[in-house]
Amino acid sequence: MTGDSDSADLIVVGSGIAGLAAAVSARQRGARVILLERAPREDRGGNTRWTEAFMRMRSENEVAHDFISHFAANSGAHLDPALVAETTGDFDTRSSLSRTLSMTDPDLIATFADHAGPTLAWLKTFGVRFDFLPSYLITTSTTRLAPVGGGLALGGQRRRCPL
Ligand SMILES: Cc1cc2nc3c(=O)[nH]c(=O)nc-3n(C[C@H](O)[C@H](O)[C@H](O)COP(=O)(O)OP(=O)(O)OC[C@H]3O[C@@H](n4cnc5c(N)ncnc54)[C@H](O)[C@@H]3O)c2cc1C
C-alpha cells in the first residue's frame, strides 16, 4: 500500500506474479494501489514462489520456435472438427455449442509472444536475472529460460519494487 490507506485507484487481490505485475505496473503509472493477500506475509507468493518458472524462450528477447504452435495446441480441448469448422462462419449463424467452445484467441497468443521479451526486460529492471538453467523436465524439444532463483525470485526482488 502506498499513500492514503483509505483510498486507492486500484485494488489487486493476490500477490503471485499476476497480482504483483499488475500492482507494480499500475504503481509505475502513478496509480495508488492496494495489494491484498490472504496468506501470512512470510508465506506470500502463491503458486509462483514454488515454481522454477521455466519459460519457452529462445533468448531473453525471443520466444521458442514452438511457442505459438505449442500454446495453440494445448490451450483448448480436443475439439470436434465439425464444431471447429463452424467457427469460420458468421457468429450469429453458429450453433450454441460452437459459440461456447473454449478456444484461445490466436491474437491473444500472438500478443503474448510479442510481449514476452519486453516483459523479461521489465522484470530485469527489478534485479531479476534469467538463464538457461538445468531442468527436471524430461523433454528437450524446446528451449527453456528461467529466472535465477525461480518463482521466488520473481516475487522476492522487492528492493527496487515501487510498492
Ligand atoms: C510446482 C509448480 C511448478 C510450476 N512450474 C511452472 C513453470 O516451470 N513454468 C510456468 O510458466 N508455470 C509453472 N507453474 C505454474 C505457475 O507457477 C502459475 O501459473 C503462476 O505462478 C500463477 O501465478 P498467479 O499470480 O496467477 O497465481 P499465484 O502465484 O497462485 O498467486 C495467487 C495469489 O492470490 C492469493 N489469493 C487467492 N485468493 C485470494 C483471496 N480471496 N484474497 C486474497 N488473496 C488471495 C493467493 O494466496 C496467492 O498468493 C508451476 C506451478 C507449480 C505449483
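Everything that follows concerns the structure shown earlier in this document.
In this report, we go over the structure that sits alongside the text. (Residues numbered from 1 in each chain as written. Predicted model: local features only at pLDDT ≥ 70, side-chain atom pairs only at ≥ 80, totals over all residues. Heavy atoms only, no water.)

## Concerning the site of the ligand
So, point 1. In the vicinity of the ligand there are 15 residues, among which Ala-18, Glu-37, Thr-48, Thr-51 and Phe-54 approach most closely.
So, point 2. Taking 1,000 Å² as the accessible area of the ligand by itself, protein coverage stands at 56%.
So, point 3. Residues belonging to the shell around the ligand are distributed by class as follows: five nonpolar, eight polar and two charged. (Near = heavy atom within 4 Å. Areas by Shrake-Rupley, 256 points an atom, 1.4 Å probe, with all protein chains shown as cover. Nonpolar A, V, L, I, M, F, W, Y, C, P; charged D, E, K, R; others polar.)

## Considerations on helix H5 (residues 106-124)
So, point 1. Taking 1.5 Å as the rise per residue, H5 with 19 residues should run 27 Å; its terminal C-alpha atoms sit 28 Å apart, in good agreement.
So, point 2. Ala-116 marks where H5 bends most, by close to 40 degrees; the proline Pro-118 follows one to four residues later.
So, point 3. Within H5 the residues assigned to the buried category are Ile-109, Ala-113, Ala-116, Gly-117, Leu-120 and Leu-123. (Helix = DSSP H or I, 4+ residues; strand = E, 2+ residues; numbered from the N terminus. Expected span 1.5 Å × (residues − 1). Bend = angle between axes of the 7 residues up to and from the residue. Buried < 20%, exposed > 50% of the residue type's maximum accessible area, 1.4 Å probe, protein only.)

## Quick word on the pairing of strand S1 (residues 10-13)
Both faces of the sheet carry side chains from a regular strand, because those side chains alternate between them.
So, point 1. When S1 meets strand S2 (residues 33-36), the two strands line up parallel, connected through four bridges. Paired with Val-13 across the two strands is Leu-36, which belongs to S2.
So, point 2. Traced from S1 through helix H1 (residues 17-28) to S2, the parallel crossover comes out right-handed. (Pairing = 2+ DSSP bridges. Right-handed = clockwise from strand over helix to strand, strands pointing away.)

## Regarding the pattern of salt bridges
So, point 1. Going through the model one piece at a time under the given rule, you end up with four salt bridges.
So, point 2. With a closest N to O distance of 4.0 Å, Arg-58 and Glu-62 form a salt bridge.
So, point 3. With relative accessibility at 43%, the residue Arg-58 sits in the partly exposed group.
So, point 4. For Glu-62, a relative accessible area of 41% gives the class partly exposed.
So, point 5. A salt bridge links Glu-60 to Lys-124, with the shortest nitrogen-to-oxygen separation between them at 2.5 Å. In this pair, Glu-60 sits in the loop between S2 and helix H2 (67-74) while Lys-124 sits in helix H5, placing the two residues 64 residues apart along the sequence.
So, point 6. Glu-60 gets classed as partly exposed once you look at its relative accessible area, which sits at 26%.
So, point 7. Looking at Lys-124, the relative accessible area reads 38%, which means it is partly exposed. (Salt bridge = Lys/Arg side-chain N within 4 Å of Asp/Glu carboxyl O.)

## Digging into the environment of Ile-11
So, point 1. Mapped onto the fold, Ile-11 is located in strand S1.
So, point 2. On the basis of relative accessibility, which here comes to 55%, the residue Ile-11 falls in the exposed class.
So, point 3. For the pair Ile-11 and Ala-22, spaced 11 residues apart in sequence, the C-alpha to C-alpha distance is 9.9 Å.
So, point 4. Excluding residues that lie within four positions of it along the chain, Ile-11 makes contacts with Ile-34 and Leu-36. (Contact = heavy atoms within 4.5 Å.)

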